[in-house]
Amino acid sequence: DVPPSVLLKAAEITAFFSQARNGTKIAVDYTTRENVKKPSGAKPGMVIYVNNKTAVVTPDEQTAESLKKTGFVTYVNFSTLLVNPDEHAELLKQ
């Protein structure tokens, strides 16, 4: 299980890279990998997911920019941040 503090930090980083980066209460959905599916014939980047939860956060520019430099952020698409929390849990706890 990923600690709640790590999930919240990841959501703050995701919010920063979203189109809503200038807001203060951004809803970010999250779920486990097995709950994410790509519909047959869908455009690249299009996925559907189930069993999600939502974190309401304020974007964290400072952490997002520092993680960009480390290579921690591997892919950002709208409000989706794909990271490996097991490998980078210490960075997210900062």
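As the structure is a computational prediction, the values presented were derived from the model and not from experiment.

The subject of this paragraph is the overall build of the chain. Scanning the chain from N- to C-terminus turns up 3 helices and 6 strands. Its helices and strands in sequence order give the chain the pattern α-β-β-β-β-α-β-β-α, from N to C terminus. Going through the 94 residues of the chain one by one, you find that 28% of them count as buried. Excluding contacts between residues fewer than 6 apart, the proportion of contacts in the chain whose partners are at least 24 apart in sequence is 63%. Carbon and sulfur atoms make up 52% of the accessible area of the chain, which amounts to about 6,600 Å² in all.

The next point concerns the nonpolar core. Core analysis: the biggest nonpolar cluster contains 6 residues, these being A11, A15, I26, V28, A55 and V57. Looking at this core, the elements that each hand over two or more residues are helix 1 (4-16), strand 1 (26-30) and strand 4 (53-57).

Tracing the sequence through the fold places D60 in the loop between strand 4 and helix 2 (61-70). The class for D60 is buried, based on a relative accessible area of 14%. Polar side-chain contacts of D60 include one of 3.4 Å to the backbone nitrogen of Q62. Beyond its immediate stretch of four places on either side in the chain, D60 contacts K9, E12 and F16.

Below, the discussion takes up the packing of aromatic side chains. Each aromatic ring pair is summarised here by two numbers: the centre-to-centre distance and the angle between the ring planes. Per the counting criterion, the structure on display carries 1 aromatic pair. Ring centres 5.2 Å apart and planes at 80° place the aromatic pair F16 and F17 in the edge-to-face group. Accessibility expressed as a relative area gives 5% for F16, which makes it buried. Positioned over the ring face of F16 is R21, at 3.9 Å from the centre of the ring.

A separate point is unusual backbone geometry. Even without glycine at this site, N51 takes up a positive phi of about 55°. Secondary-structure assignment places N51 in the loop between strand 3 (48-49) and strand 4.

Our next topic: a nonpolar patch on the surface. A surface patch of nonpolar side chains, about 220 Å² in accessible area, is lined by V36, V47 and Y49. The topology assignment puts V47 in the loop between strand 2 (36-37) and strand 3. Of the residues examined, V47 reaches a relative accessible area of 34% and is grouped as partly exposed.

Procedures and definitions
- Residues numbered from 1 in each chain as written.
- Predicted model: local features only at pLDDT ≥ 70, side-chain atom pairs only at ≥ 80, totals over all residues.
- Heavy atoms only, no water.
- Helix = DSSP H or I, 4+ residues; strand = E, 2+ residues; numbered from the N terminus.
- Buried < 20%, exposed > 50% of the residue type's maximum accessible area, 1.4 Å probe, protein only.
- Contact = heavy atoms within 4.5 Å.
- Areas by Shrake-Rupley, 256 points an atom, 1.4 Å probe, with all protein chains shown as cover.
- Core = buried A, V, L, I, M, F, W, Y, C linked by side-chain atoms within 4.5 Å.
- Polar contact = N/O pair within 3.5 Å; in protein donor to acceptor, adjacent residues only side chain to side chain.
- Phe/Tyr/Trp six-rings, centres within 6.5 Å; stacked < 30°, edge-to-face > 60°.
- Lys NZ or Arg CZ within 6 Å of the ring centre and 35° of its normal.
- Patch = residues over 30% accessible without salt bridge, like charges linked within 9 Å, V, L, I, M, F, W, Y side chains within 5 Å.
- Salt bridge = Lys/Arg side-chain N within 4 Å of Asp/Glu carboxyl O.

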